[in-house]
Every structure is written in C-alpha cells, then in structure tokens.
Amino acid sequence: MGLSRAELFAAIRRDKRLDPELSQRALAEKYGVHRRTVRQALLSAVPPPRKKPAPRATVLDPAKPWIDDMLREDASAPRKQKHTARRIHQRLAQEYDFDLVSYSTVCDYVLARRPQIEAEVLEGRRHLTGMVPQVHLPGEEAEVDFADVWVRLAGQVVKCHLFTLRLSYSGKAVHRPVDRTIGVSSSVMAG
C-alpha cells in the first residue's frame, strides 16, 4: 500500500534530515516521484492542495440562464403552477428552439438549481431568524386560565370549571378540573 501525500512528504524530510548529503535526484528515485515533489517536500511539511480542474462545458450551458429565469418566476407562483422539469424541457424546445439537451440533463440541473434559486429569492425577503431565550425566576411569573368542561361523573354529565396554571420558570402546565358544586378536584374524587 502506497504512502499518502503527507506521509511521503514526512518520509522525504526525515531522510534528508538523517542524511543531509542525499541529493534531490536520489530522493526522487528512492520514492519514485518527480524532483519537483521532493523540492516541495523539503520546502514545506504540508503538501500543496490539489488543483481543482476547470468545469467542463456542457450542452446545457447556453440554456442555463433561460432555465434560471423560469425557476425565478416559479418562486412567486402558486405551488400547482410551478414549472416541472418536463415543462421546462418542452419550453426550451418550443420557445427557444433549443432541443440539443436531453430531458434527464434538464432534470438533473433543475433538481440541483431549484433550491439554490429559492434560497437566493428568499434571501432578500427573509427576516432574521433566531431565538431570544427567556429567563424567568422561580415563582416570578405564571399564566392562569379558566374554562368550562363537561365531564361524566358517576354516570351523569356535570359542568366543571378547568383551572389552568402555567409556571413560566419550569414551562410546565398544571390542569385541574374542579367541580364547583362540591369544590373538590377530580383527581381527589377519582382516588
């Protein structure tokens, strides 16, 4: 198994450190690399990043601005009226006389580009998103509410009043139905 590029650089630097008389040519032959690689290893312990190849031109390149315009129109259209990839492919052939590209190529481009364009369009209209944490001290704040509730009690339908207390510190709510006629909570009556 071959060395990684970082391991190769480390090995070249180690050999040169152990034997300063070794030439770049000898190191290049030992590791089977070009002398340029040996020179780079001796200058820096970190290998240079790989160069990214330039993107290749595709058949779709002339139509990309047209497709992007259609997708930008869709950003403000109702969901049912947005262009499908099939409709975009048809429009390219009919309106722009561009039938060089296959349907699957259009599908792939639309699938990748639609979320990007929607994000671009929303960027200008987007409100700042975030959260403001609320800090409440114990017993400092609470929310209270009352409501009428109909419950079946001993086979009879009885109107009760629901008391709701939400403690802001814990964020938990307590619900207690209370029968006003006897003044006892239902949890006490059930037990």
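Heads up: the structure comes first, above all this text.
Draft legend 1. Representation of helix 4 (residues 64–75). In this model, helix 4 (12 residues) spans 17 Å end to end at C-alpha, consistent with the 16 Å of a helix rising 1.5 Å per residue. Among the residues making up helix 4, those that are buried are Ile67, Asp68, Met70, Leu71 and Asp74. One face of helix 4 carries all of its buried residues, which in axial projection span an arc of 160°.

Draft legend 2. Representation of the nonpolar core. Core analysis: the largest hydrophobic core is formed by 13 residues, its most contacted members being Leu60, Ile67, Ile88, Leu92 and Val106. When residues of this core are traced back to their parent elements, those giving at least two are helix 4, helix 5 (85–95) and helix 6 (103–125). Take this core: its biggest share by element is 4 residues, from helix 6. Discounting residues that sit within four places of it in the chain, Ile88 has contacts with Ile67, Met70, Leu71, His83, Val106 and Val110.

Draft legend 3. Summary view of the pairing of strand 2 (residues 156–167). As defined by bridge partners, strand 1 (residues 142–153) adjoins strand 2 across 12 bridges and the pair is classed as antiparallel. The residue bridging Ala142 from the neighbouring strand is Leu167, located in strand 2. Counted between consecutive antiparallel strands, the loop separating strand 1 from strand 2 contains 2 residues, among which Ala154 sits at a positive phi close to 55°.

Draft legend 4. A look at the pattern of salt bridges. Applying the stated criterion across every chain yields a total of 9 salt bridges. With a shortest N-O distance of 3.3 Å, Arg113 and Asp68 are connected by a salt bridge. Placement of the pair is Arg113 in helix 6 and Asp68 in helix 4, with a sequence separation of 45 residues. The two residues Arg113 and Asp68 agree in class, both being buried. Of the charged contacts, one joins Asp74 and Arg114 as a salt bridge, the two residues approaching to 3.6 Å between their closest N and O atoms. A residue pair is termed long-range when its members are at least 10 positions apart, and Asp74 in helix 4 and Arg114 in helix 6 qualify at 40 residues. One network of salt bridges, in which partners are shared, links Asp68, Asp69, Arg72, Arg113 and Glu120.

About the thresholds
- Within each chain, residue numbers correspond to sequence positions counted from 1 in written order.
- Whole-chain, interface and lining totals are the exception, using all residues; otherwise, since this is a predicted model, local features are given only for residues with pLDDT of at least 70 and side-chain atom pairs are given and counted only at 80 or more.
- Only hydrogens and water are set aside when side-chain values are computed; all heavy atoms of the structure are taken into account.
- Strands are runs of DSSP state E lasting at least 2 residues, helices are runs of H or I lasting at least 4, and numbering of each runs from the N terminus.
- Here the expected length of a helix is defined as 1.5 Å per residue gap, with one fewer gap than residues.
- Classification of residues uses two cut-offs on accessible area relative to the type maximum, computed with a 1.4 Å probe and protein chains only: under 20% is buried, over 50% is exposed, and between them is partly exposed.
- The arc refers to the directions leading from the helix axis to the C-beta atoms.
- Throughout, nonpolar core names a set of buried Ala, Val, Leu, Ile, Met, Phe, Trp, Tyr and Cys residues whose side chains join them through atoms within 4.5 Å.
- Contact definition: two residues touch when any of their heavy atoms are within 4.5 Å.
- Two strands form a pair only when DSSP identifies at least two bridges running between them.
- We count a salt bridge whenever a side-chain nitrogen from Lys or Arg sits within 4 Å of a carboxyl oxygen from Asp or Glu.

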